[in-house]
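# Fold and geometry: a report
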Amino acid sequence: GDDDVFWHLATGRYIVETHHVPSTDIFGYVTEGQQWMPFEWGWDVMTYGIYNLGGYTALSIFRTLIFLLMFFLLFHILNKFKVSYTLTFLFLTILAFGMMDRLTPRPHIMSMLFFVVLLYIITEYKYFNRSNYKILFFIPLMFLLWANIHMGIIAGIFLMGIFVFSEII
């Protein structure tokens with residue numbers, strides 16, 4: 001029911017086969033040849049590779065693992081702040097229901113994961129282990145990947161800006 005998944009797969013296939021990220025629309029009937037910026041090309045290549053390994057089932061498993069990792073990290077963050085299990089369960093349940101319509105294997109799920117990973121790194125450094133500054137070295141690498149997977153990096157830049165601003169103050 002989600003044609004964007006197949007658009008991403010087709011773009012990934014094109015990039016893998018031609019070793020070229022297209023700069024014009026190659027799939028649209030009406031828009032063919034018009035300027036196009038496939039800023040999610042990293043996701044396209046990654047999901048095309050996963051799809052080749054195991055079809056749509058492999059994509060579904062990958063998507064599920066992304067969400068499980070995301071919820072595990074959120075649980076871990078809340079647990080470190082000693083939030084009660086009842087409130088943690090309530091928060092994660094509400095979040096799960098709020099995300100119900102966003103569960104398709106599309107690039108936004110990587111933005112959600114990267115946002116949670118960034119939140120984890122920031123809270124781990126800021127509140128629990130200031131001496132472990134090496135954890136901050138993962139941020140540029142994550143941003144490099146994120147910038148080529150989904151435009152949700154803007155939310156990450158905003159979160160990072162809040163962190164840097166709070167450190168300066």
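Attention here is on the structure that accompanies the text. (Residues numbered from 1 in each chain as written. Predicted model: local features only at pLDDT ≥ 70, side-chain atom pairs only at ≥ 80, totals over all residues. Heavy atoms only, no water.)

### A few points about unusual backbone geometry
Note the cut-off: Each helix is a run of DSSP H or I of at least 4 residues and each strand a run of E of at least 2, with the numbering of both proceeding from the N terminus. Residue exposure (1.4 Å probe, protein chains only): buried if accessible area is under 20% of the type maximum, exposed if over 50%, otherwise partly exposed.
In this structure, H19 is a non-glycine residue whose phi angle is positive, near 60°. Here H19 lies in the loop between helix 1 (3-18) and helix 2 (41-80). Taking relative accessible area as the criterion, H19 reaches 74% and is therefore assigned exposed. Notably, K82 is not glycine yet its phi reads approximately 60°, a positive angle.

### Some thoughts on the pattern of salt bridges
Quick note on the threshold: Any Lys or Arg side-chain nitrogen found within 4 Å of a carboxyl oxygen on Asp or Glu counts as a salt bridge.
If you walk through the whole model with that rule in mind, you get four salt bridges. In this structure, the salt-bridge partner of E167 is K126, at a minimum N-O distance of 2.9 Å. With a gap of 41 residues between them, E167 in helix 6 (residues 153-168) and K126 in helix 4 (residues 108-128) connect regions that are remote in the sequence. When the shortest N-O distance is used, the salt bridge between E167 and R130 registers 2.9 Å. Here E167, found in helix 6, pairs with R130, found in the loop between helix 4 and helix 5 (138-147); they are 37 residues apart in sequence, far enough to count as distant. Under the relative-accessibility criterion, E167 is labelled partly exposed at 30%. On the basis of relative accessibility, which here comes to 41%, the residue R130 falls in the partly exposed class.

In short, shape yes, function no, at least from these values alone.
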